[in-house]
Amino acid sequence: MTVGATTFKQLHLQGVRREFDAFTALKGLDLTIERGEFIALLGPSGCGKTTALNCIAGLLPVSGGRIMLDDRRVDVLRPEERGFGMVFQNYALFPHMTVRKNIGFGLRMRGVPKPELEKRVDAALAAVRLESQAEKLPGQLSGGQQQRVAIARAIVVEPPLVLMDEPLSNLDAKLRLEMRQEIRRIHQSLGSTTIYVTHDQEEALSLADRIVVLRDGAIRQVGTPAELYALPAHLDVADFMGFRNRVNGELVGMEGEDALLNIEGTVIRGRMRAASAGKAAVAAIRPDDLEPTGTDSGIPVRVEAVEYRGRGFHGVGVTASGTELHFASPYPLQRGAAVRLGADAGRVLVFGDAR
Amino acid sequence: MSAVLEGRAEGPTLRQRLAARGIDGATLLVLPCVALILGLFIYPFLYGLMLSFEPKDGSLFGNYARFFSDPFLYGTIFKTLRLAFPVTLLNLLIAIPIAFRVRLMRRQRLLTTLLVLPITLGTVLVAEGMLFYFGPQGWFNRALMAVGLLSTPISVLNGYWGVFISLVLTGFPFTFLLTLSYVTGIDPSLENAAATLGAGPAARFREVFLPLLIPGLAITFCLSFVQAYSVLPSAVLVGDPAGATRVISIAAYQAAFEEYDYSMASAIAMIMGAVQLLVVVAVLGCRSLFYRGPAAGAKG
Ligand SMILES: Nc1ncnc2c1ncn2[C@@H]1O[C@H](COP(=O)(O)OP(=O)(O)OP(=O)(O)O)[C@@H](O)[C@H]1O
Ligand SMILES: [Mg+2]
């Protein structure tokens, strides 16, 4: 029955659009995913991540464009014919079936013989560490346990493409780390292709072969974790990659690749990322890269708050014009102290106002 | 109230302990309801029960003995069952597929309003309408004769099928609305999950929807059945009240208002109640074999 469940070389999204009445949730996605790739779909809430997964899984018809597995068109197939595994954002566990039955459902639908079914369900239960909960109903599980059942249920059928919608959002930090490794391990051992939706940049960076950043239903940037981490192409992508500080300034010149930006009277250097029509530009800096200079260069701020962060201190400073800057400091600072902050030119990204 | 109950030094306060057992201020709200049930239901019921044991002939079980020895009387139980059972089942079987379709529709409000109308009209008006529609000069016969399917008018009315149709018409909206509320109560993402796991439409219905619906359908069946079992107006107006559709409420009515034997009428009402209770208990008993929790993919 599952036409799509054979292996494939490439999954193509070609101008995939989805409209809800007048609202366009996906504005033409173009993306090619290689077999075996782990793709992280990153983006703010409401940007269309779930919609994109639903379109790929066949749960929502596309309003335009095509989805192809190599040269076979799959957007015309029903979800049960595509055979893609899916972990739902709200788990969608069958409330009337035990954990074991939930996980075995897909195998049963595929007509897998009972002994093999039991063996594979046991293996899946072990992979998500739920052996002791096998006979419970979903309503008797904690949120994190339900989430793990949802993961096990999707992967036990070994689908060629697994779609995961924030599968770890409800777990504690330790379990999240363990499950992250487990997902990565399962992905590698099955040789399956995974599209993984997350809000968490750290999760995306550590798991993915490539990251796709989505915003307002359109792809903003596609790249390897290293590319996105070091050189986000847009200000909003930078925002997602942890460039928490954004300071408005004025372009005063270029020196080779470096842009010179005047911020409240102080000139700092940064990498130019997006051209500017006028002189206005924004500098984006990670808190970890911004440190007190200890000299009389750098942006002057008044320290508002200092937090102990184990390896060092995290400070919040306010510039003369009231812009908040988050920075790292190896030594403690007094509240109200005046310091100057600076960062390596390679760690400062300058975005023109022409976004 | 809180000032009095709180402020004890140790352990949970009386109020907290009561709340732990589900008793709090809101519990008082059931009191008017309890009074109403006592006054309008329990008292008349007990009164009727007592009355039924005081027959004209003076013996304790005289009425019941008479009822179960006279086929003209005990036959009404089965005549009513023969109507109420198939009608309820048919209504349910029609309601399910339509509810599954309507669940996906946007303008459910309009449809619901349209369906509530026959409920508000009541059985009498529907029966009157049927008298015209199915009568010898009604559209039904004239249309069938016009296309040549009939040569002389047939009589649908004044018999089993007249009452059957009337019960379907008046009972369907109720059955449907109840079924719809149960069907729409099922989280649609469960169906999606089943689909991505390879279940086709039939398997999704069998494995996901049906098990989650059965408890609700059982209740729908019971309520619709009780309604159909107490049929009176249409059995008289479009049925054959002396023969095929001499339902149990007709027997009670005749005992009360033609023979003026209120004791006998009470006994018949008690028997009627017992039959309904028996069916309801049987159906709900079967229900307990199935899952009965919330029909959503629980989260959190
Ligand atoms: N059935 C619908 N009808 C109308 N609009 C919808 C519908 N489903 C989604 N949308 C809209 O489409 C946009 C994308 O929704 P989607 O669920 O894909 O967001 P998301 O990226 O998954 O967000 P989150 O991270 O919060 O889960 C949202 O603005 C949402 O309001
Ligand atoms: Mg979502």
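For clarity, every value in this text was computed on a predicted model and none was experimentally measured.

1. Description of the overall build of chain A
- In terms of helices and strands, chain A carries 9 helices and 20 strands.
- With the C-alpha coordinates of chain A rotated into their principal frame, the extents come out at 75 × 45 × 35 Å.
- Out of the 355 residues in chain A, the part that is buried amounts to 54%.
- Here the contacts in chain A between residues at least 6 apart in sequence split such that 66% fall between residues at least 24 apart.
- Distance between charge centroids for chain A: 4 Å, based on 44 positive and 43 negative side chains.

2. Notes on the overall build of chain B
- Looking only at helices and strands, chain B has 13 helices and 0 strands in total.
- Going from the N terminus to the C terminus, chain B shows its helices and strands as α-α-α-α-α-α-α-α-α-α-α-α-α.
- For 300 residues, the compact-globule formula gives about 19 Å, and the C-alpha radius of gyration of chain B, at 25 Å, lies well above that figure.
- Structurally, chain B occupies a C-alpha span of about 85 × 65 × 30 Å along its principal axes.
- Restricting the contact set of chain B to residue pairs at least 6 apart, pairs at least 24 apart contribute 72%.

3. Some details on the domain arrangement of chain A
All names here are of chain A.
- The domain boundaries assigned to chain A delineate domain 1 (10-236) and domain 2 (243-352).
- Using only C-alpha atoms to locate each centre, domain 1 and domain 2 end up separated by 38 Å.
- Contacts between the two partners involve 8 residues from domain 1, matched on the other side by 9 residues from domain 2.
- A buried area of about 750 Å², summed over both sides, lies between domain 1 and domain 2, and 60% of it is on carbon and sulfur atoms.
- Our count for the domain 1 to domain 2 interface comes out at 0 salt bridges.

4. Concerning the pairing of strand β3 (residues 38-42) of chain A
All names here are of chain A.
- Along β3, 5 of the 5 residues are buried, which leaves the element largely enclosed by surrounding structure.
- Side chains of β3 alternate between two faces, with Phe38, Ala40 and Leu42 and Ile39 and Leu41 buried alike.
- As judged from the 5 bridges shared by β3 and strand β8 (residues 193-198), these two strands associate in the parallel manner. The residue of β8 that forms the bridge with Phe38 is Thr194.
- By the bridge criterion, 4 bridges tie β3 to strand β9 (residues 210-215) in an arrangement that is parallel. Residue pairing in the sheet places Leu42 in a bridge with Val213 of β9.

5. Things to note about the interface of chain B and chain A
- Listed per partner, the contact involves 28 residues of chain B and 30 residues of chain A.
- With both chains or domains summed, chain B and chain A bury close to 2,300 Å², and 63% of this area falls on carbon and sulfur atoms.
- Between the two partners, chain B and chain A, sit 2 salt bridges.
- Among the salt bridges present, the one from Arg204 of chain B reaches Glu80 of chain A, with a minimum N-O distance of 3.2 Å.
- Here chain B and chain A share 6 residue pairs in polar contact (both at pLDDT 80 or more) between them.
- Looking at the side of chain B that touches chain A, the elements with two or more residues in it are α9 (188-196) and α10 (201-229) of chain B.
- In terms of residue class, the side of chain B that touches chain A is built from 16 nonpolar, 7 polar and 5 charged.

6. Describing the coordination of the magnesium ion (ligand 2)
- Distances from the magnesium ion (ligand 2) to its protein donors, Thr50 of chain A (OG1) and Gln89 of chain A (OE1), fall at 1.8 to 2.3 Å. You can see Thr50 of chain A sitting in helix α1 (residues 49-57) and its partner Gln89 of chain A sitting in the loop between β6 (85-87) and α3 (99-109), a full 39 residues away along the chain.

7. Things to note about unusual backbone geometry
Residues and elements named next belong to chain A.
- Despite not being glycine, Asp21 shows a phi value in the positive range, around 50 degrees.
- One can find Asp21 in the loop between β1 (10-20) and β2 (23-34).
- With a relative accessible area of 62%, Asp21 lands in the exposed category.
- In this structure, Ala92 takes a positive phi of about 50 degrees despite not being glycine.
- One can find Ala92 in the loop between β6 and α3.
- Overall, the relative accessible area of 0% leaves Ala92 in the buried class.

8. Notes on the packing of helix α8 (residues 160-184) of chain B against α10 of chain B
All names here are of chain B.
- As a packed pair, α8 and α10 sit with axes 10 Å apart at the nearest point and diverge in direction by 160 degrees. Taken together, the axes of α8 and α10 lie roughly antiparallel to each other. For α8 against α10, the interelement crossing comes out right-handed. For the pair α8 and α10, the contacting residues are Leu167, Phe174, Thr175, Leu178, Thr179, Tyr182 and Val183 in the first and Leu213, Gly216, Leu217, Ile219, Thr220, Leu223, Ser224, Gln227 and Ala228 in the second.
- Its residues assigned to classes, the contact of α8 with α10 shows 10 nonpolar, 6 polar and no charged.

9. Side note on α1 of chain A
All names here are of chain A.
- The buried fraction of α1 amounts to 8 of the 9 residues, a majority that puts the element mostly inside the structure.
- Along α1, the residues that are buried comprise Lys49, Thr51, Ala52, Leu53, Asn54, Cys55, Ile56 and Ala57.
- A positive backbone phi angle near 95 degrees is found at Gly58, which sits one or two residues after α1.

10. So, the confidence of the model for chain A
- The predicted model of chain A averages 90 in pLDDT, with 97% of residues at 70 or higher.
- Scored below 50 in pLDDT, residues 1-5 of chain A makes 20 contacts in the model with residues more than four places away or belonging to other chains.

11. Some points on the UniProt feature "domain: ABC transporter" (unreviewed entry) in chain A
- In the numbering used here, UniProt assigns the feature "domain: ABC transporter" (unreviewed entry) to residues 11-241 of chain A.
- Between the C-alpha atoms that bound residues 11-241 of chain A the distance is 26 Å, and the span itself is 38% helix and 26% strand.

12. A short note on the site of ligand 1
All names here are of chain A.
- Of all residues adjacent to ligand 1, which total 13 residues, the nearest are Ser45, Gly46, Lys49, Thr50 and Thr51.
- At a separation of 2.5 Å, an oxygen atom of ligand 1 approaches a polar side-chain atom of Ser45.
- Breaking the shell around ligand 1 down by element, the ones donating at least two residues are β2 and α1.
- With 3 residues, α1 is the single largest residue contributor to the shell around ligand 1.

13. Quick word on the UniProt feature "transmembrane region" (unreviewed entry) in chain B
All names here are of chain B.
- With numbering aligned to this structure, UniProt lists the feature "transmembrane region" (unreviewed entry) at residues 25-46, 83-102, 114-135, 159-183, 208-229 and 267-290.
- Annotated as 100% helix and 0% strand, the span residues 208-229 places its first and last C-alpha atoms 32 Å apart.
- Span residues 267-290 is 88% helix and 0% strand, its end C-alpha atoms 36 Å apart.

14. Description of the sheet that holds β8 of chain A
Residues and elements named next belong to chain A.
- The mixed open sheet is built from 6 strands, whose spatial order is β6-β7-β8-β3-β9-β10. Whereas interior strands pair on both sides, the edge strands pair on one side only; in this sheet they are β6 and β10 (218-223). On average, adjacent strands in this sheet sit at an angle of 15 degrees to one another, irrespective of strand direction.
- Looking at chain direction, strand β7 (residues 161-165) and β8 are connected through 5 bridges and run parallel. Its bridge partner lying in β8, Val162 is registered against Thr194.

15. A look at the UniProt feature "domain: ABC transmembrane type-1" (unreviewed entry) in chain B
- Residues annotated in UniProt with the feature "domain: ABC transmembrane type-1" (unreviewed entry) correspond here to residues 77-283 of chain B.
- Taken end to end, residues 77-283 of chain B has its terminal C-alpha atoms 18 Å apart, with 78% of it in helix and 0% in strand.

How each quantity is defined
In every chain, residue numbers begin from 1 and rise along the written sequence. Here the convention is simple: chains get letters from A, ligands get numbers from 1, in the order in which they are written. Predicted model: local features are reported for residues with pLDDT of at least 70 only, side-chain atom pairs are reported and counted for 80 or more only, and whole-chain, interface and lining totals are derived from all residues. To obtain the side-chain values, all non-hydrogen atoms of the structure were used and water was disregarded. Strands are runs of DSSP state E lasting at least 2 residues, helices are runs of H or I lasting at least 4, and numbering of each runs from the N terminus. The buried label applies to any residue whose accessible area, calculated with a 1.4 Å probe on protein chains only, is under 20% of its type's maximum; exposed applies above 50%, and partly exposed to all values in between. Only heavy atoms enter the contact rule, under which two residues are in contact if any of them lie within 4.5 Å. Only four residue types enter the charge count, namely Lys and Arg as positive and Asp and Glu as negative; His and the chain termini do not. Note on charges: their place is set at NZ of Lys, CZ of Arg, CG of Asp or CD of Glu. As defined in this context, the radius of gyration uses C-alpha atoms, and a globule is described by 2.2 Å times the residue total to the power 0.38. Marked domain ranges trace back to an automatic or database domain assignment. Once two parts are brought into contact, the accessible area they lose, counted with a 1.4 Å probe and summed over both, makes up the buried area. The working definition used for a salt bridge is a side-chain nitrogen of Lys or Arg within 4 Å of a carboxyl oxygen of Asp or Glu. Note on pairing: DSSP must find at least two bridges between two strands before they are called paired. Within 3.5 Å is the distance limit for a polar contact, defined as a pair of N or O atoms, with the added protein rule that one can donate a hydrogen and the other accept it, and that residues adjacent in sequence qualify only through two side-chain atoms. Charged means Asp, Glu, Lys or Arg here, nonpolar means Ala, Val, Leu, Ile, Met, Phe, Trp, Tyr, Cys or Pro, and polar covers whatever is left, Gly included. Coordinating N, O and S atoms are those within 2.8 Å of the metal (3.2 Å for Na, K and Ca), and as water is not part of the atoms, a site may appear to have fewer donors than expected. All axes here are fitted lines through C-alpha atoms, helices being fitted over the stretch that makes contact, and every angle between N-to-C directions spans 0 to 180 degrees. Orientation labels follow simple angle bins: below 35 degrees gives roughly parallel, above 145 gives roughly antiparallel, 65 to 115 gives roughly perpendicular, and whatever is left gives oblique. Note: crossing handedness is left-handed where the near helix turns anticlockwise from the far helix by less than a right angle, and right-handed where it turns clockwise. pLDDT is a residue-level measure of predictor confidence that goes from 0 to 100. UniProt positions are given in the numbering used here, feature names are shortened, and annotations may be inferred rather than shown by experiment. Note on definitions. A residue lies near a molecule or strand when any single heavy atom of the residue is within 4 Å of it.

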